[in-house]
Amino acid sequence: MNPESLVVLTRPRPEIAVIQLNRPDKKNAMNLAMAREIQQHLDDCEADQHIRVVVLAGQPGCFSAGMDIQAFRQGELPVVEPNGFAGLIHAQLSKVLIAAVDGVAYGGWFEMALACDLIVASRSARFSFPETGLGLVAAQGGCARLPLRISPFIAMDWLLSGQVITAEEAHIHGVVSRLCESDALQAAVQLAEQIAGKSPQAIQAVKAIVKQGRQVAETAVFEYQQDWVHQLRQAQQTKSTVS
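Calculation notes
- Residues numbered from 1 in each chain as written.
- Predicted model: local features only at pLDDT ≥ 70, side-chain atom pairs only at ≥ 80, totals over all residues.
- Heavy atoms only, no water.
- pLDDT = per-residue confidence, 0-100.
- Helix = DSSP H or I, 4+ residues; strand = E, 2+ residues; numbered from the N terminus.
- Buried < 20%, exposed > 50% of the residue type's maximum accessible area, 1.4 Å probe, protein only.
- Arc of directions from axis to C-beta.
- Contact = heavy atoms within 4.5 Å.
- Phe/Tyr/Trp six-rings, centres within 6.5 Å; stacked < 30°, edge-to-face > 60°.
- Pairing = 2+ DSSP bridges.
- Axes fitted to C-alpha atoms, helices over the stretch in contact; angles between N-to-C directions.
- Left-handed = near helix turned anticlockwise from the far one by under 90°.
- Nonpolar A, V, L, I, M, F, W, Y, C, P; charged D, E, K, R; others polar.
- Core = buried A, V, L, I, M, F, W, Y, C linked by side-chain atoms within 4.5 Å.

*Asks:* Sorry if this is basic, but what is going on with the confidence of the model for the chain here?
*Replies:* Low-pLDDT portions of the prediction should not be read for the details of their coordinates. Overall, the predicted model of the chain reaches an average pLDDT of 90, with 95% of residues at or above 70. Within the chain, helix α6 (residues 167-172) carries the highest mean pLDDT (98), whereas strand β4 (residues 62-64) carries the lowest (71).

*Asks:* Would you mind showing me how to read helix α5 (residues 152-161) here?
*Replies:* Each full turn of the α-helix corresponds to 3.6 residues, which orients residues three or four apart in the same direction. For α5, the complete set of buried residues consists of Ala155, Trp158 and Leu159. End-on view of α5: buried residues confined to an arc of 95 degrees, all on one side of the axis. Structural note: α5 exposes Phe153, Met156 and Leu160 on the side pointing more than 90 degrees away from its buried face. Taken together, the buried residues of α5 touch α3 (108-114), α4 (142-149), β11 (165-166) and α6. The first or second residue beyond α5 is Gly162, which carries a positive phi of 70 degrees.

*Asks:* Which parts of the structure should I look at to understand the packing of aromatic side chains?
*Replies:* Centre-to-centre distance and the angle between the planes together describe a pair of aromatic rings. All told, the structure shown has 3 aromatic pairs when counted by the stated rule. Relative to Trp109, the ring of Phe85 has its centre 5.3 Å away and its plane inclined at 80 degrees; by these criteria the two rings are edge-to-face. On the criterion of sequence distance, the pair formed by Phe85 in strand β6 (residues 84-85) and Trp109 in helix α3 is long-range, its members being 24 residues apart. Overall, the relative accessible area of 4% leaves Trp109 in the buried class. Ring centres 5.0 Å apart and planes at 50 degrees place the aromatic pair Phe110 and Phe127 in the tilted group. Of this pair, Phe110 sits in helix α3 while Phe127 sits in strand β10 (residues 126-128); the two residues are 17 residues apart in sequence, bridging distant segments of the chain. Through a chain of ring-to-ring contacts, three or more aromatic side chains come together here, namely Phe110, Phe127 and Phe129.

*Asks:* Teacher, can you tell me more about the sheet that holds strand β7 (residues 96-101) here?
*Replies:* The pairing of strands in a sheet happens through backbone hydrogen bonds and is either parallel or antiparallel. Overall, mixed pairing links the 6 strands, which are arranged β1-β2-β3-β7-β9-β12 in an open sheet. Where the open sheet ends on each side, the last strands, each with one partner, are β1 (7-13) and β12 (178-180). In this sheet, neighbouring strand axes are inclined to one another by 20 degrees on average, regardless of whether the strands run parallel or antiparallel. Note: β1 against strand β2 (residues 16-21), 5 bridges, orientation antiparallel. Bridge assignment links Val7 to a residue of β2, and that residue is Leu21. Lying over the sheet, helix α7 (residues 184-196) contacts β1, β2, β3 (53-57), β7, β9 (118-122) and β12, oriented at roughly 160 degrees with respect to β7.

*Asks:* Is there a simple way to think about the packing of α4 against α5 in this case?
*Replies:* Axis angle and axis distance: for two packed helices, these are the angle between their axes and the distance between the axes, and together they describe the pair. The interhelical angle for the contact between α4 and α5, taken along N-to-C directions, is 145 degrees, at an axis separation of 7 Å. The handedness of the crossing between α4 and α5 comes out as right-handed. Here Gly142, Cys143, Leu146 and Pro147 of α4 come into contact with α5, specifically with Pro152, Ala155, Trp158 and Leu159. Class assignment of the residues belonging to the contact of α4 with α5 gives a composition of 7 nonpolar, 1 polar and no charged.

*Asks:* What is the right way to read the nonpolar core from this model?
*Replies:* When a protein is soluble and globular, its nonpolar side chains tend to lie buried together. In terms of nonpolar packing, the biggest core is built from 51 residues, with Ile38, Leu88, Val101, Met112, Phe127, Leu146 and Val175 touching the most fellow members. It is helix α1 (residues 32-47) that provides the largest number of residues to this core, a total of 6 residues. Counting residues in each nonpolar core, the second largest holds 19 residues, with Val55, Cys180, Ala184 and Ile203 among its members.

Here it is as C-alpha cells:
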C-alpha cells in the first residue's frame, strides 16, 4: 500500500477489499488521476478470485467534496473509459460493491454511491443533487438510477429541488440500505463480512439477477438523456460567452 496514492486499496480480510479515496487536503475532490486509480483498483479486484466484496469509502466526515474545480478549469475531466466518470459509474463488476458514506455526498458523489450495489451511511451523511441550480442535470446516474431505486415522485423532488437529504431520510426511502451511528466504513466492512461468509456462487447469482432486472431500464435512460445533456451544456457555453 502506498499512503501517497490518491486512492488506497487495503484488504481487511482476503475476501474483502476496501478502496478508499485519499485526498484529505482536497476533501477527496475527484481528478483524472484519482479516477484512473479507482478504475485500476476495480479491475484488480475483479480479477482477484479471492475477493467477493469491495467497499468504496472516503475520509471521515467527507465521502467526496465534488469535482476538482481547478483541474476542470484546465480542461480535465475525471472520466476514464470504459468505466466513465470517476472510473466507476459504468463499471461492470461481478463482485458486490458497497459505498460507505460519511459526511457529504453531493452531485457526482451521490451518483458514485448509486453506482454501488449497497450504500451504508452514518447519521452524519448528507446527500444532494444541486445540478438544476447550475443549469445542469445529474447525468452520471442521478436521473437514470435514483427513480429506479425509490419512488419516482420522491426522486423527481430531490432531483428538481436540489434539497439536502439527511441519512435518515435516505434510509427511509430506501436509498441507504444500512444506517449506522458513526464510522460508515466500519459498518460497511461488517456488512461485507456477512456477505463474504455466504456461498460465492450464490452471491454472484443474486447480484447478476437483481442487476439484470434494472440494467435494461438504466441503459435506456442513459442513452435517452444524451440529447438533453448536450443541449444544456451548449446553453451553459453560450451563457458564458455572452457574459
